[in-house]
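Residues per chain are reported as follows:
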Amino acid sequence: FGMKDLLPPCIHACPVNTDVRGYLAAIARQDYDEAYRLIRANNPFPAVCAWICPHPCEEHCRRGDVDASIAIRNLKRFAVENAGIDCVDVPAVPGTGKNIAVVGAGPGGLTAAYDLARLGHNVTVYERNQTPGGHFFASLPLYRLPREKLRQDIKAILAAGIKIQTGVEIGRDVTVRELKAAYDAVVLAVGLQESRTLSVPGADHPGILKALPFLQQVNRGEKPAIGGRVLVVGGGDVAMDAARTAVRLGAAEVNVICLETRAEMPAQSWEIEEALEEGVGLINGYGPREVVSDGDQILGLRTQKVRSVFDASGKFNPVFEPDALLTRPCDTIILAIGQGPGREFIKDSGLAIDARGFIVIDQESLHTSVEGVFACGE
């Protein structure tokens, strides 16, 4: 048995093995500062995760074998909101004299920066936006994550002595080669910034919106132009975010259409339930075949019924029913069919890239093909 096999199931299910039993016991003693310390020991985003963590711990909670799982995430939120904000100190460690550059101030980059700073390294984070936080800040709807919670976590992370330079884009303002020359090591945590597009007739229509830019516009306080009938293509959490945001913008009818059956959808079950409660319609088992339009006006999306989404080995390989077509009327289409990596930062970097455009890394060390350059996050 490995050490993880000896952990309680709730702790084992947590990607960072948070001491769930420990902080729940501290909450029961009303020692909220200790609960917060235990939560933050393995996770520098306790406030963020108290709001948006998918809480796999609850699915594996032993209490669920008796009646119902403990509401672990809600208790985490209670502990975070009742703890002293400054109850966690960063222990002083001898400085190594090593200088590290981290590219990207999202969850991956800031976690890497925090861990490196706690090891005694000098860390500078470069972020292309004017505010750190990555997709937490730029793309996640405000109703899902109050930004003061994100600021609380970032303030505590930067208190470890991390420097941050915002408004600096790698590939435009500074290159990977320049960072490598200036620092002892470079960590790339640039995330997936590009929304994927459809490859069907009419998919190049200028009226089609991509989910990430759509969500980011709304977060900036803008109001994207959408019609009264919105169709969101995709079955993941981003599709739910886009649909629920369209509802909040006043669309009279919002539907989500995806290849998967309800049980196969990658979105979290509660995200789907909350979307349905807000009036979002769900059309399962159909894939896009053609965007129907008349000049500048989108009229609908022609789709085809799906026989199966995955093959016998479990790989994504949709098979369609011949001649089983459905045209769904709409005047706005929002694509939420996944994200991919940007390419600007890769120019002249020497980094090896795989067929999908992702940075090639060693899965154990996270080292790229370039000496001294690592990559993490999405």
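Structure first, text after, so check above.
Cut-offs used in this document
Residues numbered from 1 in each chain as written. Predicted model: local features only at pLDDT ≥ 70, side-chain atom pairs only at ≥ 80, totals over all residues. Heavy atoms only, no water. Helix = DSSP H or I, 4+ residues; strand = E, 2+ residues; numbered from the N terminus. Rg over C-alpha atoms; globule rule 2.2 N^0.38 Å. Buried < 20%, exposed > 50% of the residue type's maximum accessible area, 1.4 Å probe, protein only. Contact = heavy atoms within 4.5 Å. Areas by Shrake-Rupley, 256 points an atom, 1.4 Å probe, with all protein chains shown as cover. Pairing = 2+ DSSP bridges. Axes fitted to C-alpha atoms, helices over the stretch in contact; angles between N-to-C directions. Phe/Tyr/Trp six-rings, centres within 6.5 Å; stacked < 30°, edge-to-face > 60°. Lys NZ or Arg CZ within 6 Å of the ring centre and 35° of its normal. Polar contact = N/O pair within 3.5 Å; in protein donor to acceptor, adjacent residues only side chain to side chain. Core = buried A, V, L, I, M, F, W, Y, C linked by side-chain atoms within 4.5 Å. Parallel < 35°, antiparallel > 145°, perpendicular 65-115°, else oblique. Left-handed = near helix turned anticlockwise from the far one by under 90°. Nonpolar A, V, L, I, M, F, W, Y, C, P; charged D, E, K, R; others polar.

1. Things to note about the overall build of the protein
Okay, so step 1: Across its full length, the protein carries 13 helices and 15 strands.
Okay, so step 2: Its C-alpha radius of gyration of 23 Å places the protein within 12% of the 21 Å reference for a compact globule of 378 residues.
Okay, so step 3: Taken over the C-alpha atoms alone, the protein extends approximately 65 × 60 × 45 Å along its principal axes.
Okay, so step 4: Per-residue burial over the protein gives 47% buried out of 378 residues.
Okay, so step 5: Intrachain contacts of the protein at a sequence separation of at least 6 include 65% that bridge at least 24 residues.
Okay, so step 6: Of the roughly 18,800 Å² that the protein leaves accessible, carbon and sulfur atoms contribute 51%.

2. Section: the sheet that holds strand 2 (residues 122-127)
Okay, so step 1: Spatially, five strands are ordered 3-2-1-4-15 in an open sheet, and the strand pairing comes out parallel. Two strands bound the open sheet, and with one partner strand each, they are strand 3 (163-166) and strand 15 (373-375). For this sheet, the mean angle separating the axes of adjacent strands, direction not counted, is 20 degrees.

3. Thoughts on helix 2 (residues 20-28)
Okay, so step 1: Those residues of helix 2 lying buried are Val20, Gly22, Tyr23, Leu24, Ala26 and Ile27.
Okay, so step 2: The elements touched by buried residues of helix 2 are helix 1 (9-13), helix 3 (32-40), helix 5 (56-59) and helix 6 (72-82).
Okay, so step 3: One or two positions beyond helix 2, positive phi appears at glutamine 30, with a value near 65 degrees.

4. Thoughts on the packing of aromatic side chains
Okay, so step 1: Enumeration over the complete set of coordinates arrives at four aromatic pairs.
Okay, so step 2: Centroid distance phenylalanine 310 to phenylalanine 316: 6.2 Å. Interplanar angle 70 degrees. Geometry classified as edge-to-face.
Okay, so step 3: The cationic tip of arginine 77 hangs over the ring face of tryptophan 51; the distance from NZ or CZ to the ring centre is 3.8 Å.
Okay, so step 4: Directly above the aromatic system of tyrosine 143 lies the positively charged group of arginine 248, at a separation of 3.8 Å from the ring centroid.

5. As for the environment of glutamate 378
Okay, so step 1: Relative to the helices and strands, glutamate 378 is located in the segment after strand 15.
Okay, so step 2: Those residues in contact with glutamate 378, other than ones at most four positions away along the chain, are His135, Gly191, Leu192 and Phe358.
Okay, so step 3: Within the structure, the side chain of glutamate 378 is placed 3.4 Å from the backbone nitrogen of leucine 192, a separation counted as a polar contact.

6. Re the nonpolar core
Soluble globular proteins tend to bury their nonpolar side chains together.
Okay, so step 1: Val123, Phe136 and Ile162 are the most contacted members of the largest nonpolar core, which has 24 residues in total.
Okay, so step 2: Mapped by element, the contributors of at least two residues to this core are helix 4 (46-52), strand 1 (99-103), helix 7 (107-118), strand 2, helix 9 (147-158) and strand 4 (185-188).
Okay, so step 3: Top element by residues in this core is helix 7. It accounts for six residues.
Okay, so step 4: Not counting residues up to four positions away in its chain, the partners in contact with valine 123 are Ile100, Val102, Ala113, Leu116, Ala117, Ile162 and Lys163.
Okay, so step 5: Counting residues in each nonpolar core, the second largest holds 23 residues, with Leu209, Ala211, Val230 and Val280 among its members.

7. What about the pairing of strand 10 (residues 286-294)?
Okay, so step 1: Direction of pairing for strand 10 relative to strand 11 (residues 297-310): antiparallel, over a ladder of eight bridges. When the bridges of strand 11 are listed, valine 291 appears paired with leucine 301.
Okay, so step 2: Counted between consecutive antiparallel strands, the loop separating strand 10 from strand 11 contains two residues, among which glycine 295 sits at a positive phi close to 65 degrees.

8. A short note on the packing of helix 2 against helix 3
Okay, so step 1: Where helix 2 meets helix 3, the closest approach of the two axes is 7 Å, and the angle between their N-to-C directions is 170 degrees. In this view, helix 2 runs roughly antiparallel relative to helix 3, as classed from their interaxial angle. Pair helix 2 / helix 3 crosses with left-handed handedness. Every residue of helix 3 that contacts helix 2 at Gly22, Tyr23, Ala26 and Ile27 is listed here: Tyr32, Glu34, Ala35, Leu38 and Ile39.

9. Describing the sheet that holds strand 8 (residues 253-258)
Okay, so step 1: Ordered in space as 6-13-7-8-9, the five strands form an open sheet in which the pairing is parallel. In this open sheet, the two edge strands, each paired with only one partner strand, are strand 6 (209-210) and strand 9 (281-284).
Okay, so step 2: Sheet topology note: the strand 7 (residues 229-233)/strand 13 (residues 332-335) ladder contains four bridges and is parallel. Counterpart to valine 233 in the pairing with strand 13 is leucine 335.

10. Focus on the side chain of threonine 303
Okay, so step 1: By the element assignment, threonine 303 lies in strand 11.
Okay, so step 2: A relative accessible area of 1% means that threonine 303 is categorised as buried.
Okay, so step 3: When neighbours within four sequence positions are excluded, threonine 303 is seen to be in contact with Ile257, Tyr286, Gly287, Pro288, Arg289, Ala324, Leu325 and Leu326.

11. As for the packing of helix 12 (residues 237-248) against helix 13 (residues 269-277)
Okay, so step 1: As a packed pair, helix 12 and helix 13 sit with axes 10 Å apart at the nearest point and diverge in direction by 20 degrees. Of the possible angle classes, the one that applies to helix 12 and helix 13 is roughly parallel. When the axes of helix 12 and helix 13 are compared, the crossing they make is left-handed. Along its contact with helix 12, which presents Asp237, Met240, Asp241 and Arg244, the element helix 13 presents Glu271, Ile272, Glu274 and Ala275.
Okay, so step 2: Split into classes, the residues belonging to the contact of helix 12 with helix 13 amount to three nonpolar, no polar and five charged.

12. Some remarks on unusual backbone geometry
Okay, so step 1: Backbone geometry at glutamine 30 places phi at a positive 65 degrees, although glycine is not the residue there.
Okay, so step 2: Among the secondary structure elements, glutamine 30 is positioned in the loop between helix 2 and helix 3.
Okay, so step 3: Among the residues examined, glutamine 30 registers a relative accessible area of 61% and is labelled exposed.
Okay, so step 4: A positive phi angle, close to 65 degrees, is found at leucine 366, a residue other than glycine.
Okay, so step 5: Structurally, leucine 366 is set in the loop between strand 14 (339-340) and strand 15.

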